[in-house]
Amino acid sequence: MKNVLLVVALLISTMTFSQTVPDSLYTNPQQQENAAQRILSGNVSSGVTVGGYGEITYNQPEGDNGELDVQRLVLLFGYKFSDKVQFVTEVELEHVEEVYVEQAFLQYSLSDRVNLRGGLMLVPMGIVNEYHEPTTFNGVERPSMDKSIVPTTWREIGVGVSGRFDEISLGYQAYVFTGFASVNGSKVLGGKDGLRNGRQKGIQSTVDSPNLSAKLDYYGLPGLRLGLSGYVGRSQAQDDVEDIDGSSVGLSMVGLDARYAYKRLTARGQFVYAGLTDTEAYNELYYDLDADPTQGLGSAMQGWYLEAAFNLLPLTKEQQLYAFARYEDYDTNAKVEGDLLVNDTFNRTEWTLGLSYKLTPGAVVKADYQFKNDATNNDLPNQLNFGIGVWF
């Protein structure tokens, strides 16, 4: 509870200024769009819209070989059938060889207040899961807590509704989704990767019980955007074990996030807590705790981060050079049940310090250094990162 109160207090502390904000690395938080939103809000009367984004990265862990990678290349396609009906899809190539569909949904707009959606969509949790284009965030790599706990990029097949009420500065999303797979091929939930292995990504998704997801975004104060996310449901069990205790677990997740910009200063913060039920039976079914009582699925996961950035170039220039610092604290084993023991290596912290040089609104060059630690107090390899990102 002390950690929760600390994060809330620190998020509130970033809200002390109020002024119309120029475009920044994040753009104005109140007007920020991701790739799908940009296509949906385009001025094309009808027909096809094409875009894309991509990242090339270099990661150099301390004392080990470095890695160069075309981490992802995403091709965006939208088709406007009419003023009310649009289709959006993103086709992603990861590491040159893996191909995924990141989004593919049909939207029917009744008005700005009500848009009906169905298909493969992003789960609205936190910041980066929805806004992960490389020019929209600092750092070569996405925040680590977003990889394990949220986990980015988290998308599933579902139906729902979205919209906004500008008179009260409030946006909303609400969906019914398929959930995490209890067992995804040979992968199970838990360990250092948290929930990440359970993402079904729309690939012949198992459906056992519906999961509910919702988010509210408030943008009524100049330069500030606040988000409140919620998710509740169960993991999806396979047909051959769905009647066995531990074949699925319950999940309730809540997230708070804030984005702020004032002149050359930007800041953001995020807190996510996930509570799980039936983990003791799940671990008995899928883990050998006698062999290793520290490996398994915890009954709670928690993470937060705070980041501040300052543009070193004058506001009159098209280019921007942001120096930034981000601190993360996340634990995929915050609580445990039964015979599972707390594994302190899953309780991690990171400092990321670096630069983001925005050559133009759609292209960025990044460099940063990460200081990594965990609760065992053992020294973890720090890491130097470089990256190139584009979005058009």
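Up top is the structure.
As a starting point, this report considers the structure included with it. In this text, all values refer to a predicted model and were calculated from it rather than measured experimentally.

The rules we used
- Residues numbered from 1 in each chain as written.
- Predicted model: local features only at pLDDT ≥ 70, side-chain atom pairs only at ≥ 80, totals over all residues.
- Heavy atoms only, no water.
- Phe/Tyr/Trp six-rings, centres within 6.5 Å; stacked < 30°, edge-to-face > 60°.
- Buried < 20%, exposed > 50% of the residue type's maximum accessible area, 1.4 Å probe, protein only.
- Helix = DSSP H or I, 4+ residues; strand = E, 2+ residues; numbered from the N terminus.
- Lys NZ or Arg CZ within 6 Å of the ring centre and 35° of its normal.
- Salt bridge = Lys/Arg side-chain N within 4 Å of Asp/Glu carboxyl O.

Thoughts on the packing of aromatic side chains
Then comes step 1: Per the counting criterion, the structure on display carries 10 aromatic pairs.
Then comes step 2: With centroids separated by 4.8 Å and ring planes inclined at 65 degrees, the aromatic side chains of Y79 and F81 adopt a geometry described as edge-to-face.
Then comes step 3: With relative accessibility at 37%, the residue Y79 sits in the partly exposed group.
Then comes step 4: Seen in terms of ring centroids, W304 and Y327 are 5.6 Å apart; in terms of plane orientation they differ by 55 degrees. Their pairing is tilted. You can see W304 sitting in strand β14 (residues 300-311) and its partner Y327 sitting in strand β15 (residues 320-335), a full 23 residues away along the chain.
Then comes step 5: Exposure remark for Y327: the relative accessible area of 24% places this residue in the partly exposed category.
Then comes step 6: In this structure an aromatic cluster arises from ring pairing among W154, F180 and Y231.
Then comes step 7: It is R38 that lies over the ring of W391; its NZ or CZ is 3.8 Å from the centre.
Then comes step 8: Note that K366 overlies the ring of F137, its terminal NZ or CZ placed 3.9 Å from the centroid.

A closer look at the pattern of salt bridges
Then comes step 1: For the coordinates displayed, the defined rule picks out 15 salt bridges.
Then comes step 2: Among the salt bridges present, the one from K80 reaches D83, with a minimum N-O distance of 3.7 Å.
Then comes step 3: Exposure remark for D83: the relative accessible area of 63% places this residue in the exposed category.
Then comes step 4: Residue R234 pairs with D278 through a salt bridge whose shortest N-O separation is 2.8 Å. Of this pair, R234 sits in strand β11 (residues 224-234) while D278 sits in the loop between β13 (265-277) and α4 (279-286), and the two are 44 residues apart along the sequence.
Then comes step 5: When its relative accessible area of 30% is taken as the criterion, R234 is described as partly exposed.
Then comes step 6: It is possible to trace a salt-bridge network through shared partners that takes in E130, K215, D217, R225 and D257.

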